[in-house]
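Reading the structure
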Amino acid sequence: VGFGDFVIPSGFGRIGNEVFTRLQQRGYQVMAASIQYTGGPHPYPFWVWPLAGHMDIWSDITSIINTSQPDVVIGIQDFPYHVSLFRDCKIDWSRTKFIFITPIDGEPVDEEWIQLSKVADGGMVISHFGQEVLRRNGVKVDLCPPGINYREFFPAKPDEKRELRRKVSIPEDAYIVGMFAMNQGRKNIPATVEAFREFSRDKPNTYLYLDMDDVSPAGWNIERQLLKPMGVDPSRVKYRKDVVGTLPNLRDRYCLLDVHSLISFREGFGLPTIEAMACGIPCYNLDWCSGPELMEHGRGVLIQRQEMMTFGTWGGAKDAYPVMSDFIEKLNWLYYNREAANNIARTAYEWVRERTWDRTADAVENKIMEVLGVSFDSSAGLWQPSRPTQVDGGTQGVVGGASTDVSSGPSDGGGDPSRR
């Protein structure tokens, strides 16, 4: 049984949807309960209990687990949800194994979260940064590497990019800085807006595209609270609401961009970064948390962080701030060095194609077998897992920048070409 954001296309939801689809196809009996799902049809081949709008989701998930009596419960959410599920719900964990999958987006880590990591049957985090942080706290966890479906996300050729821009009334020759994220405080949207203001002063053909809500109770009224005080012309800023009616496909919206910026105070991984990479878009990340491991080896551009950090409200983890002069300088560097941008995009694209959801499912499946103490040979009479089932490059899948030299379109080849 899974517990998280199943069906919903959040970061947690994507991991759950992709992994549980593959586990089902490999012969496991899987079900899930979703915090944000309200019910109704969905494209995934497993049962999902809707918990959205329920008065007490904890009583509901307790009843679901105690009634179904699964061999394993897998939570895919932030740490506080795992703590509430494992510590506070009246579930006999001697009869059911518990695995958590979670991001570590900063340090220090809350003591309750560390204690849970020590007593859970299995733990997985989504970045090497998270593994190292927990290791320093005496906890060994495995990596659940988020993946990409390269048949869903792939680069646009120049003619297609121009056509996509025409459809949403953006000049074909515009230079577009983009950010795909939720409008929430952790994402540090003001830094990207401020950097764009300085970068665009002498470049009338530049636009800022924010694939997010323009107003959010968890973030900002962007025009009123950011653009107006900073003196940014609102006509040069586009939001998701401005283009999603014409371009409902997420990949097409990525392909509007020349560069993608995700300069969060803290970032557990950053699925938009690898999605942008898969679409051939050069990316910027902050030199903190998961940023270095995504940008290393020429795959992207790291923005320096200030020495000063502040303690945030999320488990006491520290927030990092970009060196704004470095951010602006590097925006200019890629603008004036298109060959460098192409090389970065090409390097990132070649790397990200190997990050398939099949590899994600492999890692989770290995953890399941580990906590149950069974091998694939001995489990044949239990679930009959047919391993491996390659979904990303075949026909079984359900998931439905600067111009680069990266070849456009999905490969005709099937499956994951290499396995870690």
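Further up the page is the structure itself.
My aim in this report is to walk through the structure given alongside it, one point at a time.

A separate point is the pattern of salt bridges. Inspection of every chain in the model, using the stated rule, returns 33 salt bridges. Here Asp211 and Arg253 are joined by a salt bridge, their closest N and O atoms 2.6 Å apart. Residue Asp211 is located in strand E9 (residues 206-211), and its partner Arg253 is located in helix H10 (residues 250-254); the two are separated by 42 residues in the primary sequence. Just as Asp211 is buried, Arg253 falls in that class too. The salt bridge partner of Lys367 is Glu370, with a shortest N-O separation of 3.0 Å. Of the two residues, Lys367 and Glu370 both sit in helix H15 (residues 357-372), three residues apart, roughly one turn of that helix. On the accessibility criterion, Lys367 (6% relative accessible area) is buried. A single salt-bridge network, built from bridges that share partners, covers Asp105, Arg186, Lys187, Arg266, Glu267 and Asp319.

This paragraph deals with the layout of surface pockets. Quantified by volume, the largest pocket comes out at close to 1,200 Å³. Along the walls of the largest pocket sit 44 residues, with Ser10, Gly11, Met182, Arg186 and Lys187 positioned nearest its centre. Those elements that provide at least two residues to the lining of the largest pocket are helix H1 (11-25), H10 and helix H11 (271-278). Residue contributions to the lining of the largest pocket peak at four residues, all from H1. Across the lining of the largest pocket, the residue classes break down as 22 nonpolar, nine polar and 13 charged.

What counts, and where the lines are drawn
Throughout, residues of each chain are indexed from 1 in the direction in which the sequence is written. With the structure being a predicted model, the display of local features is reserved for residues of pLDDT at least 70 and the display and counting of side-chain atom pairs for 80 or more, all residues being used for whole-chain, interface and lining totals. Each side-chain value is worked out from all heavy atoms of the structure, with water and hydrogens disregarded. Any Lys or Arg side-chain nitrogen found within 4 Å of a carboxyl oxygen on Asp or Glu counts as a salt bridge. Secondary structure follows DSSP: runs of H or I at least 4 residues long count as helices, runs of E at least 2 residues long count as strands, and numbering of each begins at the N terminus. Note on classification: 1.4 Å probe, protein chains only; a residue is buried when its accessible area is under 20% of the maximum for its type, exposed when over 50%, partly exposed between these limits. Here the term cavity refers to a set of points on a 1 Å grid, laid over the protein atoms alone, in which a 1.4 Å probe fits but cannot get out; the term pocket refers to an open set having protein on both sides within 12 Å along at least five of seven lines, with lining residues being those that place an atom within 4 Å of a point. Grid points are joined across faces, edges and corners, and a volume is the space filled by probe spheres set on the points. Each residue gets one label: Ala, Val, Leu, Ile, Met, Phe, Trp, Tyr, Cys and Pro are nonpolar, Asp, Glu, Lys and Arg are charged, and the others, such as Gly, are polar.

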